[in-house]
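If you want the building blocks of each chain, they are given just below.
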Amino acid sequence: MVNIDKETVRQILHDELNMTKFCAKMVPKNLTLEQKDGMRQICVDILERMENERDLLKKVITCDETWIFQYDPKTKRQSMHWKTSASPKLKKARISKSKLKAMLIVFFDIKGVIMTEWVPQGQTVNQHYYLQVLTTLRERVRRKQA
């Protein structure tokens, strides 16, 4: 519009106006005000409970899920072998990600891992599947506490 080249605009913004260019922070999704208020209220409730129950964090169980790729576990050194001068040299391909992968769900508390769950191949991870997994977790925790 004002017929100034980009470099001149960049110099004015940077040198004269002390502006810096930053990349936007990537987030999974933008929350609505209602969702932000709900999360804030949950945090306030947890802080209040922590004031009344000092060992509250010792009772928290959380989980994480990750995709695990199947790798060839042999390293170059592990694949060493004895051979004669006449025998052919064995070749070993570099370790690469396999097309086979599985989802692992790990439940843990302040002391460490409580339970791991390998998701069966082809299983859809939805609310019904998680309900089964959480039922199993509850039973393990009950047995451990008894």
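Within any chain, residue numbers begin from 1 and follow the written order of that chain's sequence. Local features in this predicted model are restricted to residues whose pLDDT is 70 or higher, and side-chain atom pairs enter the listing and the counts only when it is 80 or higher, whereas totals over whole chains, interfaces and linings include all residues. Note: side-chain values were computed over all heavy atoms of the structure, leaving out hydrogens and water.

### Topic: the confidence of the model for the protein
Confidence per residue, as judged by the predictor, is encoded in pLDDT with a range of 0 to 100. On average, residues of the protein score 85 in pLDDT, and 88% of them reach the 70 mark or higher. Within the protein, the element-level pLDDT minimum falls on helix H1 (residues 6–16), averaging 88, and the maximum on helix H2 (residues 33–52), averaging 94. The way it works is that DSSP assigns letters per residue, a run of H or I at least four long becomes a helix, a run of E at least two long becomes a strand, and they are numbered from the N terminus.

### Brief notes about the pattern of salt bridges
Opposite charge on two side chains allows them to pair when their charged atoms are near. One speaks of a salt bridge when a side-chain nitrogen belonging to Lys or Arg is within 4 Å of a carboxyl oxygen belonging to Asp or Glu. The tally for this structure, following the rule as stated, stands at four salt bridges. Close ionic contact of Glu-7 with Arg-10 constitutes a salt bridge, the shortest N to O distance being 2.9 Å. One end of the pair is Glu-7 and the other is Arg-10, both in helix H1 and three residues apart, which spans about a single turn. Of the charged contacts, one joins Lys-59 and Glu-53 as a salt bridge, the two residues approaching to 3.2 Å between their closest N and O atoms. Connected via shared salt-bridge partners are Arg-49, Glu-53 and Lys-59.

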